[in-house]
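Remarks on the overall topology
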Amino acid sequence: MMANLIYLLGPAGSGKSTLTLGLLDTFESMDLDCITVNLDPGAEWLPYTPDVDIRKDISLTEVMRIYRLGPNGGLVAAIDMLANHLPKLREIIGGMNPDYVLVDTPGQMELFAFRETGPAIVKGLGEPRLTLFLADSFLSRSPCSFVSLLMLSTSVFVRFRTPQIIVLSKTDLLPPDELERILGWWEERENLVEALQEEPQPLSRETSLSLLQALQGSGLPGELVPVSCNTGQGLTELVSVIERAFSTETELDLGKETEIV
């Protein structure tokens, strides 16, 4: 049986590595075999010890030295090199035979999601798979910013064409009333429209309303789950949503196979 692959994506600082640790602890507390994979060659420190670490094969410092690149150019080149190590990654993960694989992607999300390497890695490591898109709750307090994050999550969904769950991270940073307001925007879109209509800047207001209309027309992917790794709140619920997503995906795949036969 293939391992369930979970890719953590989101803007820099949204809490991907911290959530990787939080999910690892939660899976292990439920007696589920889980491993972690670090795909960020530029990570200087991680809150967990990766079972598979691309830094053992790709050194950002060496890439910068050999190709005479600065930090940004070096990181682009290093991430593009990930694809060369795909067969090795697949072999190592397959040999460990876990139930779940948490794939911690590079901090600069755009370098992984919007270049060819990211989709190639995700496709090459196989199925079943899903993505967790992290939306920083502190940055989601503004309705315009919330819509922007929803647009970004949809862009990631389009790039990877993989079931997606939106994780509202760092919820412990918000007062309860602010968190409830954000969740209300997700659950009842009319609440979000009303909040956008109160935006004093005409350009931000009209642009965000147009973006929201486009998102509603195409359909927003997945569910939204609020999580705080500092308090542990929401982690068990997130694992339940993940398990349900994989169960649904498996049933759909079995259905397709039956139709073909």
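Residues numbered from 1 in each chain as written. Predicted model: local features only at pLDDT ≥ 70, side-chain atom pairs only at ≥ 80, totals over all residues. Heavy atoms only, no water.

Before going further, it helps to examine the packing of aromatic side chains. The full count for this structure, using the stated rule, is four aromatic pairs. Here phenylalanine 27 and tyrosine 100 contribute two aromatic rings whose centre-to-centre distance is 4.4 Å and whose plane-to-plane angle is 20°, an arrangement assigned as stacked. With phenylalanine 27 in helix α1 (residues 16-29) and tyrosine 100 in strand β4 (residues 100-104), this residue pair connects regions lying 73 residues apart in the sequence. The class for phenylalanine 27 is buried, based on a relative accessible area of 0%. Judged by relative accessible area, which is 7%, tyrosine 100 ranks as buried. Here the aromatic rings of phenylalanine 112 and phenylalanine 160 are separated by 6.1 Å at their centres, their planes lie at 25°, and the arrangement is stacked. (Phe/Tyr/Trp six-rings, centres within 6.5 Å; stacked < 30°, edge-to-face > 60°. Helix = DSSP H or I, 4+ residues; strand = E, 2+ residues; numbered from the N terminus. Buried < 20%, exposed > 50% of the residue type's maximum accessible area, 1.4 Å probe, protein only.)

We now examine the pairing of strand β1 (residues 4-9). Taken across its six residues, β1 has six buried, putting it largely inside the fold. Burial along β1 is two-sided: the face carrying Asn4, Ile6 and Leu8 and the face carrying Leu5, Tyr7 and Leu9 are both buried. Here β1 pairs with β4 via five bridges, running parallel. By the bridge assignment for β4, leucine 8 is matched with aspartate 104. By the bridge criterion, five bridges tie β1 to strand β5 (residues 129-136) in an arrangement that is parallel. Its bridge partner lying in β5, leucine 9 is registered against phenylalanine 133. (Pairing = 2+ DSSP bridges.)

Right, let's get into the pattern of salt bridges. Summed over the entire model, instances satisfying the criterion amount to seven salt bridges. Here aspartate 53 makes a salt bridge to arginine 55, at a shortest N to O gap of 2.8 Å. Assessed through its relative accessible area of 11%, aspartate 53 is described here as buried. According to the relative accessible area criterion, arginine 55 is partly exposed, its value standing at 26%. The partner of glutamate 206 in a salt bridge is arginine 205, with the nearest N and O atoms 3.2 Å apart. For glutamate 206, a relative accessible area of 44% corresponds to the partly exposed category. (Salt bridge = Lys/Arg side-chain N within 4 Å of Asp/Glu carboxyl O.)

This brings us to the packing of helix α7 (residues 143-160) against helix α8 (residues 176-187). Look at α7 against α8: their axes get within 12 Å of each other, and the N-to-C directions meet at 50°. Looking at the two axes, α7 sits oblique to α8. The two elements α7 and α8 cross, and the hand of that crossing is right-handed. Counting all contacts with α7, which are made through Pro143, Phe146 and Leu150, the residues of α8 involved are Ile182, Trp185 and Trp186. (Axes fitted to C-alpha atoms, helices over the stretch in contact; angles between N-to-C directions. Parallel < 35°, antiparallel > 145°, perpendicular 65-115°, else oblique. Left-handed = near helix turned anticlockwise from the far one by under 90°. Contact = heavy atoms within 4.5 Å.)

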